[in-house]
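Here is what each chain is made of, one letter per residue.
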Amino acid sequence: MPKRYWWVIITYFIMQYSALLIVPFTDLIPLNEADILVYWTIFSFSLALVIVLLLMRPDMKMGSARDASGAGQIILWSFLGLFMAYFGQGLAAMIEMELLGIDPGSENTQAIMDIARYSPIFMIVPAIIGPILEELIFRKIIFGEFYKRMNFIFSALLSSFIFAIVHNDPQHLLIYTTMGFVFAFLYVKTKRIMVPIIVHAAMNSLVVLVQYNIDPEEIERMLEELQFIFIGG
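Residues numbered from 1 in each chain as written. Predicted model: local features only at pLDDT ≥ 70, side-chain atom pairs only at ≥ 80, totals over all residues. Heavy atoms only, no water.

Thoughts on the packing of helix H3 (residues 33-55) against helix H7 (residues 124-147)
It is the contact of H3 with H7, at a shortest axis distance of 10 Å, that shows an interaxial angle of 30°. Our classification of the angle between H3 and H7 gives roughly parallel. In the packing of H3 onto H7, the handedness of the crossing is left-handed. Where H3 abuts H7, its residues Thr41, Ile42, Phe45, Ser46, Ala48, Leu49, Val52 and Leu53 lie against Ile124, Val125, Ile129, Gly130, Ile132, Leu133 and Leu136. For the contact of H3 with H7, the per-class residue count stands at 12 nonpolar, three polar and no charged. (Axes fitted to C-alpha atoms, helices over the stretch in contact; angles between N-to-C directions. Helix = DSSP H or I, 4+ residues; strand = E, 2+ residues; numbered from the N terminus. Parallel < 35°, antiparallel > 145°, perpendicular 65-115°, else oblique. Left-handed = near helix turned anticlockwise from the far one by under 90°. Contact = heavy atoms within 4.5 Å. Nonpolar A, V, L, I, M, F, W, Y, C, P; charged D, E, K, R; others polar.)

Pasting the structure below:
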């Protein structure tokens, strides 16, 4: 694996735990802890995205594969991919509930929505910045490197499982793994990392917007009645 890929992965994990660096200085910042969390998360994700894009400039200069999808196919597979991702998520949720006895609802998604309701500007992280970073890292780099050495099924499952673990929502590993598998399929099918980025961002944006505009108690009632789960990746 190229050295720059390791730096991309390191940048991502530093970003994930960077909030620990400012904990000792929160008393010196003239903001409450919630505001500090929001602004630091936006700053750290944005900075990480800039660094990752700079590190991956050589990949951008290489151009796309000859048989990569054109504009029309990108649009088509983006629409199809969104339905595939939601179908996969729904199927995984049914398996979790019916076979594994796992209740619907995601602590990870709920935590994100609590922050988004407190400060709507935070939505830019799960809706745009996060999906770009995660697709570059988990599909372009991690899946891509596995795919050079293994067949699609194993490389997609392994990279998607890592993707699921990083989301720190152990109850719903199956759902996150399924979503990652769909994103990997779209990447291979179109040979365009832009397609899983679009689908991932659209999926997260819809989840955030729907949950933002519905009262949390109403969402819980819907989950109990419909036995379905809405999770962003």
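A few points about the packing of helix H1 (residues 3-16) against H3
It is at 10 Å that the axes of H1 and H3 come closest, and there the two elements cross at 180°. As judged from the angle between their axes, H1 and H3 are roughly antiparallel. Across from Arg4, Trp7, Val8, Thr11, Met15 and Gln16 in H1, the residues of H3 making contact are Ser44, Phe45, Ala48, Ile51, Val52 and Leu55. For the contact of H1 with H3, a count of residues per class yields eight nonpolar, three polar and one charged.

Focus: H3
With 23 residues, H3 should cover 33 Å at 1.5 Å per step; its first-to-last C-alpha distance of 32 Å lies within 8% of that length. Inspection of H3 places Asp35, Ile36, Val38, Thr41, Ile42, Ser44, Phe45, Ala48, Leu49 and Val52 among the buried residues, and these make up the whole buried set. (Expected span 1.5 Å × (residues − 1). Buried < 20%, exposed > 50% of the residue type's maximum accessible area, 1.4 Å probe, protein only.)

Some words on a nonpolar patch on the surface
Together, Phe87, Leu91, Ile95, Leu99, Leu100 and Leu174 line one region of the surface with nonpolar side chains, adding up to about 610 Å² of accessible area. A per-element tally of the nonpolar patch places helix H5 (residues 71-98) first, with three residues. Along the chain, Leu100 turns up in the loop between H5 and helix H6 (107-118). (Patch = residues over 30% accessible without salt bridge, like charges linked within 9 Å, V, L, I, M, F, W, Y side chains within 5 Å. Areas by Shrake-Rupley, 256 points an atom, 1.4 Å probe, with all protein chains shown as cover. Salt bridge = Lys/Arg side-chain N within 4 Å of Asp/Glu carboxyl O.)

Considering the packing of aromatic side chains
Taken as a whole and judged by the stated rule, the model has 11 aromatic pairs. Note on Trp40 and Phe43: the rings are 5.4 Å apart at their centroids and 50° apart in plane angle, and the pair reads as tilted. With Trp40 and Phe43 both in helix H3 and three residues apart, the pair spans about one turn of that helix. Aromatic pair Phe143 and Phe152: ring centres 5.9 Å apart, planes at 80°, arrangement edge-to-face. In this structure, Phe143 and Phe152 share a single accessibility class: buried. Feature note: the residues Tyr12, Phe13, Phe138, Phe163 and Phe183 constitute an aromatic cluster, connected by ring pairs. Taking NZ or CZ as reference, Arg139 lies 4.5 Å from the ring centre of Phe163, over its face. (Phe/Tyr/Trp six-rings, centres within 6.5 Å; stacked < 30°, edge-to-face > 60°. Lys NZ or Arg CZ within 6 Å of the ring centre and 35° of its normal.)

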